[in-house]
Amino acid sequence: MTQLELIINQTSVTLDVDPATSLLDVLRNEVGLASPRFGCGKEQCGACCVKIDNKLVYACTHSMAEAAGQSITTVEGLGTPENPHPLQQAVMDLNAGQCGFCLSGILVTASKLLDENPAPSRSDVMTALDDHLCRCGAHNRIIDAILRAADKR
Ligand code: FES
Ligand code: FES
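Residues numbered from 1 in each chain as written. Chains lettered and ligands numbered in written order. Predicted model: local features only at pLDDT ≥ 70, side-chain atom pairs only at ≥ 80, totals over all residues. Heavy atoms only, no water.

The protein has the name (2Fe-2S)-binding protein in an unreviewed UniProt entry, where OM182 bacterium MED-G24 is given as its organism.

Printed below as a string of structure tokens:
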């Protein structure tokens, strides 16, 4: 075990962990954040995506040794129930998800997209979400929600 520090959603957290443990396991099991999901464990579904210093990372294959000392944003860091991020509000307004399993990773990716491209086309959104699977087939509604959030901003 090694003592490692992470900055998670702007709060510093120090943990005693095996540096080989995945960031996803630590976020879910040690920190108690439920949003990053385990889908495939092989960088194939995007359910575990988080931002590290504004880069998208698959938390399922990113080790704690790699993540140590860095600033991590999960969907919990985008907004709150009282003050949701425009993306979260748009997903609720359009009832865009079905089971919601894919949504945390998609919203983290979409937040990066909107930060870099505040007025994306439908094709821009589809390209940004290329590495995200939605097993419910809710892609079209989710894309509509992202475009609505961009409009509202
Ligand atoms: S769980 Fe990480 S990409 Fe699927
Ligand atoms: S809403 Fe169920 S996997 Fe996307």
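A.B. asks: Which residues make up the nonpolar core, and what values do they have?
C.D. replies: Judged by nonpolar contacts, the single largest core of 25 residues is most densely connected at Leu87, Val125, Leu129, Ile142 and Ile146. Looking at this core, the elements with two or more residues in it are helix H3 (86-93), helix H4 (103-116) and helix H6 (139-152). For Val125, the contacting residues outside a window of four places in its chain are Leu113, Pro120, Ile143, Ile146 and Leu147. Counting 21 residues, the second largest nonpolar core, distinct from the first, contains Leu33, Val50, Val57 and Met64. (Core = buried A, V, L, I, M, F, W, Y, C linked by side-chain atoms within 4.5 Å. Buried < 20%, exposed > 50% of the residue type's maximum accessible area, 1.4 Å probe, protein only. Helix = DSSP H or I, 4+ residues; strand = E, 2+ residues; numbered from the N terminus. Contact = heavy atoms within 4.5 Å.)

A.B. asks: Any details on the pairing of strand S1 (residues 2-8)? Residues and values, ideally.
C.D. replies: Note that S1 and strand S2 (residues 11-17) share seven bridges and pair antiparallel. Within the sheet, the bridge partner assigned to Glu5 lies in S2 and is Thr14. Pairing of S1 with strand S5 (residues 71-73) involves two bridges; the strand directions are parallel. Each residue of the ladder has a partner; that of Ile7, found in S5, is Ser71. (Pairing = 2+ DSSP bridges.)

A.B. asks: Now, about the pattern of salt bridges: what can you tell me, with residues and values included?
C.D. replies: Under the counting rule described, the total for this entry stands at four salt bridges. Arg148 is paired through a salt bridge with Asp93; the nearest N and O atoms lie 3.6 Å apart. Placement of the pair is Arg148 in helix H6 and Asp93 in helix H3, with a sequence separation of 55 residues. Taking the relative accessible area as the measure of exposure, Arg148 reaches 30% and is therefore partly exposed. Taking relative accessible area as the criterion, Asp93 reaches 39% and is therefore assigned partly exposed. With a closest N to O distance of 2.7 Å, Glu116 and Lys112 form a salt bridge. Placement of the pair is Glu116 and Lys112 together in helix H4, with a separation of four residues, close to one helical turn. Given a relative accessible area of 52%, Glu116 falls into the exposed group. Take Lys112: its relative accessible area is 16%, and that puts it in the buried class. (Salt bridge = Lys/Arg side-chain N within 4 Å of Asp/Glu carboxyl O.)

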